[in-house]
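# Coordinate analysis (summary)
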Amino acid sequence: MHLSDNLPASAAAAAPAVAEWVRRAPKAVLHDHLDGGLRPETIIELARECGYTGLPTEDPAALGVWFRDAADSGSLERYLETFAHTCAVMQSREALFRVAAECAEDLAADGVVYAEVRYAPEQHLAGGLTLDEVVTAVNEGFREGERRAGGRIVVGALLTGMRHTDRSLEIAELTVAHRASGVAGFDIAGGEIGNPPARHLPAFQHLKRHNCHFTIHAGEAVGAESVHEAVQVCGAERIGHGVRITDDIAEDGTLGHLAAYVRDNRIALEVCPTSNLQTGAAKDYASHPIDLLRRAGFRVTLNTDNRLVSGTTMSREFQHMADAFGYGPEVFEEFTVAAVEAAFLPLPERRRIIDEVIRPGYAALTASR
Ligand SMILES: O=c1[nH]cnc2c1ncn2[C@H]1C[C@H](O)[C@@H](CO)O1
Ligand SMILES: [Zn+2]
């Protein structure tokens, strides 16, 4: 039986009532997909502009609900099908610029001070743009969004290669070429089953040769062996999701060799609870492995994955975790510091964000509670 078979539709993503202190808490997100986080109104407007007629509804509220419900499928493959609609309207320079600017604005409005936002440039070529033009448009959009947010957020891009296609080396080269202009690193994403990360070894070797950062989606739909391959064969510095590492942790809490390696090397896990509930990687919030992993000393970060598709925000993820595990500001400070420590940023910049933004932000929050 599938883990999420018993979940009523959209139970996974039901929006919690977010406490004021949660909203105000400084946040950092390392795992947020650009094409999974559009505003429903923007999708509808862009669809009209570009002539895309495939949307299931033109009512913004209904469209938001449609994405969340369609993605509440218990399967990563079905979750990923919903992205056809967002990618369809992200095929021009103007559309990419707008979506990226709004992404930065929305994250900043939610209290996010540092974000790494990923997308697959190869999925935005249908309107005739080149890979370079796609990256430039998104980078310019992020700069615009940062400006609109009054400098309250710093956004870096991660370029994603899709694991079922064969363009990952090209995307790795694109990452290296744009590293000085807003691209922080590389990722691979897409359906995990049948597409192990080692298929993309030339891409990872290229990134290593050029001292570039990368993360890999692993341990989401496939078990701990995919985390092993991502870390030990491919050399990932962080793991997208990674929650199936629990396959290598015994009931009594004893860590196997892989789990111990990941913990002891401080390899960050980009944990996305709501998305995991939707794809069947976890059963419910209360039994989500994030708490086990945190208590075992893993470098755990808390993330949205896809704000539209998962019907979430960083505040909602925080709130779900506060409700499930009784977490207070000290645990969210820990997740936020862990995220910035694992950011694909120069060390002095990470330290500056932690010392000048996150620590004082939590001190003020605690003082005012
Ligand atoms: O959680 C995920 N696992 C694997 N692939 C994902 C996930 N969320 C989004 N994607 C895919 C769909 C997008 O089109 C692509 C690039 O952002 O990445
Ligand atoms: Zn993801």
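The name recorded for the protein chain in an unreviewed UniProt entry is Adenosine deaminase, from Streptomyces solincola. Annotation of the protein chain in UniProt includes, under Function (unreviewed entry), the sentence "Catalyzes the hydrolytic deamination of adenosine and 2-deoxyadenosine."

Surveying the vicinity of ligand 1 reveals 16 residues, the closest of which are His33, Asp35, Gln123, Glu220 and Asp305. Gly190 places a polar main-chain atom, nitrogen or oxygen, 2.9 Å from a nitrogen atom of ligand 1. Interatomic distance of 2.9 Å between a side-chain N/O atom of His241 and an oxygen atom of ligand 1. The site holding ligand 1 turns out to be the second largest pocket.

Further remarks concern the sheet that holds strand β3 (residues 154-162). What the four strands build is an open sheet, ordered β1-β2-β3-β4; its pairing is parallel. Strand pairing shows two members of the sheet lacking a second neighbour, β1 (27-33) and β4 (183-189), which therefore form its edges. The sheet shows a mean angle of 25° between the axes of neighbouring strands, taken without regard to direction. Taken together, the five bridges between β1 and strand β2 (residues 112-119) define a ladder with parallel strand orientation. Along β2, the bridge assignment pairs His33 with Arg118. Against the sheet, helix α7 (residues 131-148) contacts β2, β3 and β4, and its axis sits at roughly 155° relative to β3.

Below, the discussion takes up the coordination of the zinc ion (ligand 2). Looking at the metal site, the zinc ion (ligand 2) is ligated by His31 (NE2), His33 (NE2), His217 (NE2) and Asp305 (OD), spaced 2.1 to 2.2 Å from it. One can describe the donor arrangement at the zinc ion (ligand 2) as irregular, given that its four donor atoms subtend angles of 83 to 168° at the metal. For the zinc ion (ligand 2), all donor residues lie on one chain, and their spacing in sequence is H-x1-H-x183-H-x87-D. Residue His33 is located in strand β1, and its partner Asp305 is located in the loop between β8 (300-302) and α14 (314-325); the two are separated by 272 residues in the primary sequence. Both residues of the pair, His33 and Asp305, belong to the buried class.

With numbering matched to this structure, UniProt assigns "active site" (unreviewed entry) to Glu220. The residue Glu220 is located in the loop between β5 (215-218) and α10 (224-233) in this model. In this structure, Glu220 is in contact with Leu76, Glu192, His241, Arg244, Ser275, Thr279, Ala281 and Asp305, ignoring residues within four places of it in sequence.

Definitions and cut-offs
- The residue numbers shown here count from 1 along each chain, following its written sequence.
- Written order determines the labels here, with chains lettered from A and ligands numbered from 1.
- Selection of residues for local features in this predicted model requires a pLDDT of at least 70, selection of side-chain atom pairs for listing and counting requires 80 or more, and totals for whole chains, interfaces and linings are taken over all residues.
- Processing note: side-chain calculations cover all non-hydrogen atoms of the structure and skip hydrogens and water entirely.
- UniProt positions are given in the numbering used here, feature names are shortened, and annotations may be inferred rather than shown by experiment.
- Near is defined per residue: the residue qualifies when any heavy atom it owns lies within 4 Å of the molecule or strand.
- N or O atoms within 3.5 Å of each other form a polar contact, as long as, within protein, one can give a hydrogen and the other can take it, and as long as residues adjacent in sequence are counted only when both atoms are side-chain atoms.
- Buriedness for pockets is judged along seven lines, at least five of which must meet protein on both sides within 12 Å for an open set on the 1 Å grid over protein atoms alone, while cavities are sets there where a 1.4 Å probe fits but cannot get out, and lining residues have an atom within 4 Å of a point.
- Just a note on the criterion: a molecule sits in a pocket or cavity if more than half of its atoms are within 2 Å of the grid points.
- For two strands to be treated as a pair, DSSP must find at least two bridges joining them.
- Each helix is a run of H or I in the DSSP string that is no shorter than four residues. Each strand is a run of E no shorter than two, and both are numbered from the N terminus.
- All axes here are fitted lines through C-alpha atoms, helices being fitted over the stretch that makes contact, and every angle between N-to-C directions spans 0 to 180 degrees.
- Throughout, a residue-residue contact means that at least one pair of heavy atoms, one from each residue, lies within 4.5 Å.
- Only nitrogen, oxygen and sulfur atoms within 2.8 Å of the metal, or 3.2 Å for Na, K and Ca, are treated as donors, and water is left out, so sites may look incomplete.
- Note on geometry labels: four donors, all angles 85 to 135 degrees, give tetrahedral; four donors become square planar and six octahedral when opposite donors are over 155 degrees apart and every other angle is between 65 and 115; remaining cases are irregular.
- For every residue, the accessible area (1.4 Å probe, protein chains only) is compared with the maximum for its type, and the residue is labelled buried under 20%, exposed over 50%, or partly exposed between those bounds.

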